[in-house]
Amino acid sequence: MPLLKIEKLTEGLAGDWPGHLRDWDRTLRAANHPETTRYNYLLAAAQLGRYLGEHSPDPDAEDAAEDPTDVTKAHVEHFQAWVIETRSAATALNKHKGLQQFFKYLVDEDEMDRSPMDRVKQPKTPKKLIPVMRDDDTKKLLDACKGKSFVNLRDEALIRLYYNTGARLSEVGNLLLTDLDMNTESVRFHGKGAKDRRVRFGPKTARALSKYLRARAKRRDVDQVPNLWLAERGAWPLLPNGIKIRLKRLGLAAGIEGVHAHRWRHNFAHEWHRAGGNTGDLMLLLGWTSEDMPRHYGASAAAERAQEIQAQFGIGERV
């Protein structure tokens, strides 16, 4: 089932908003933006449009609720503050970035002379340290899905692939059968910004994937499903959101809180730094283009690495 349904996204919008969003989506598709990116961008604009019609305290919001070209800096700031109050600063930052792209599009199309986002400051967000997924916790999760059933084999293969590669939730979740090469024990991930990369996986992950593939091949009508991961019953794909829910449930069964795929991504970065790995190579493996990302990922375990190095150096112990 596709994530993005433009009719659903534009429900409740008035005046020119639906037409502008449909036109913008066509432009985004023509530029080959991934569906997830398009969805997040369009959702931010649609939420602003609905906010202006239902919640905005501005006396002139009525016109902006009919036409996005009438949106002002004040309208956006009220919306941004409302998102912070009702959701979070991180969500508000996400909406801010989407709205920047929407109004840039309207300026490029000569619908507006200047974007109202030019003078709207990004919301400040607290830096949250995401704990890495320790080996002991991963073992508990793997123990929770021991067995020979289809679901057991699938879940072990999923967990081992996240653990072994540090890939994003959607990168593993959206894999096709053709992305997997068991001969070279490697997988092709489709990363952000339409950037593909090929990553190797180890023997334990290869064994888990082989067992899962054999079980998958026995399912009825499986030839009609290109997706690597299948739901528990029938010839239906298991998509990223379903995997997210499944990991959370496995975590609860294993007595581990806050299980999500990104914790293995942080763990991968932590272990890479701990082993003295090159930052440039880490960026290639995890699909990063900004050098800020290696510093952010695994940051919660940075003090542990520093203490290990301190003990190795033996500073203050030579006299």
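Placed above this text is the structure.
What you see is a predicted model, and the numbers here were worked out from it, not measured in a lab.

Engineer: Please provide a residue-by-residue account of the nonpolar core, values included.
Structural biologist: Within the largest apolar cluster, 39 residues are counted, with the highest numbers of intra-cluster contacts made by L141, V172 and W229. For this core, the elements supplying multiple residues, two or more each, are α7 (135-144), α8 (150-165), β2 (186-190), α10 (203-217), α11 (240-254) and α12 (261-274). Top contributing element to this core by residue count: α8, with eight residues.

Engineer: Requested: an account of the packing of helix α2 (residues 17-30) against helix α3 (residues 35-54), with residues and values cited.
Structural biologist: One way to put it is that α2 packs onto α3 with a least axis distance of 11 Å and a crossing angle of 165 degrees. On the basis of the axis angle, α2 is roughly antiparallel to α3. Here α2 runs over α3; the crossing is right-handed. In this structure, α2 contributes W17, L21, W24, D25, L28 and R29 to the contact, and α3 contributes R38, Y41, L42, A45, A46, L48, G49 and L52. Of the residues assigned to the contact of α2 with α3, the class counts are ten nonpolar, one polar and three charged.

Engineer: Explain the sheet that holds strand β1 (residues 180-181) to me, and be specific about the residues and the numbers.
Structural biologist: The three strands are arranged β1-β2-β3 in an open sheet whose pairing can be described as antiparallel. Either end of the sheet is taken by a strand with one partner, and the two such strands are β1 and β3 (196-200). Pairing of β2 with β3 involves five bridges; the strand directions are antiparallel. The residue bridging R188 from the neighbouring strand is R198, located in β3.

Engineer: Can you explain unusual backbone geometry? Please cite residues and give values.
Structural biologist: Backbone geometry at N32 places phi at a positive 65 degrees, although glycine is not the residue there. You can call N32 exposed: its relative accessible area is 56%. Not every positive phi belongs to a glycine, and D110 is a case in point at roughly 60 degrees. Relative to the assigned elements, D110 resides in the loop between α6 (89-108) and α7. Residue D110 is classed as exposed on the basis of its relative accessible area of 68%.

Engineer: I'd like a description of the side chain of K95, backed by residues and values.
Structural biologist: Mapped onto the elements of the fold, K95 is located in helix α6. No salt bridge is formed by the buried K95, whose closest oppositely charged neighbour, E54, lies at an N-O distance of 14 Å. Setting aside residues up to four positions removed in sequence, K95 forms contacts with L43, A44, Q47, F79 and V83.

Engineer: Summarise the pairing of β3; cite the residues concerned and give the values.
Structural biologist: Burial along β3 is one-sided: R197 and V199 are buried, and none of D196, R198 and R200, which face the opposite way, are. Turn length for the β2-β3 hairpin, with the two strands adjacent in sequence and antiparallel, is five residues, and the turn residue G193 shows positive phi of about 70 degrees.

Engineer: Can you lay out the packing of aromatic side chains for me, pointing to particular residues and giving the numbers?
Structural biologist: Under the criterion given, the structure shown has twelve aromatic pairs. When the ring of W24 is compared with that of F102, the centres are 5.1 Å apart and the planes differ by 45 degrees; the resulting orientation is tilted. Here F102 lies in helix α6 and W24 lies in helix α2, a separation of 78 residues in the sequence. Taking relative accessible area as the criterion, F102 reaches 0% and is therefore assigned buried. With 5.6 Å between their ring centres and 45 degrees between their planes, F150 and Y212 make a pair best called tilted. Residue F150 is found in helix α8, and its partner Y212 is found in helix α10; the two are separated by 62 residues along the sequence. Look at F150 and you get buried, because its relative accessible area is 15%. Ring pairs connect the aromatic residues W17, W24, Y41, F102, F103 and Y105, which therefore count as one cluster.

Engineer: Outline the pattern of salt bridges, listing residues and values.
Structural biologist: Enumeration over the complete set of coordinates arrives at 15 salt bridges. With a closest N to O distance of 3.2 Å, D108 and K104 form a salt bridge. Of this pair, D108 and K104 both sit in helix α6, separated by four residues, roughly a single helical turn. By relative accessible area, K104 is classed as partly exposed at 46%. In this structure, E156 engages R160 in a salt bridge whose closest nitrogen and oxygen atoms are separated by 3.1 Å. One end of the pair, E156, and the other, R160, are both in helix α8, four residues apart, so they sit about a helical turn from each other. On the basis of relative accessibility, which here comes to 17%, the residue R160 falls in the buried class. Within this structure, D25, R29 and R38 form a network of salt bridges that share partners.

The rules we used
- Residues numbered from 1 in each chain as written.
- Predicted model: local features only at pLDDT ≥ 70, side-chain atom pairs only at ≥ 80, totals over all residues.
- Heavy atoms only, no water.
- Core = buried A, V, L, I, M, F, W, Y, C linked by side-chain atoms within 4.5 Å.
- Buried < 20%, exposed > 50% of the residue type's maximum accessible area, 1.4 Å probe, protein only.
- Helix = DSSP H or I, 4+ residues; strand = E, 2+ residues; numbered from the N terminus.
- Axes fitted to C-alpha atoms, helices over the stretch in contact; angles between N-to-C directions.
- Parallel < 35°, antiparallel > 145°, perpendicular 65-115°, else oblique.
- Left-handed = near helix turned anticlockwise from the far one by under 90°.
- Contact = heavy atoms within 4.5 Å.
- Nonpolar A, V, L, I, M, F, W, Y, C, P; charged D, E, K, R; others polar.
- Pairing = 2+ DSSP bridges.
- Lys, Arg positive; Asp, Glu negative; His and termini not counted.
- Salt bridge = Lys/Arg side-chain N within 4 Å of Asp/Glu carboxyl O.
- Phe/Tyr/Trp six-rings, centres within 6.5 Å; stacked < 30°, edge-to-face > 60°.

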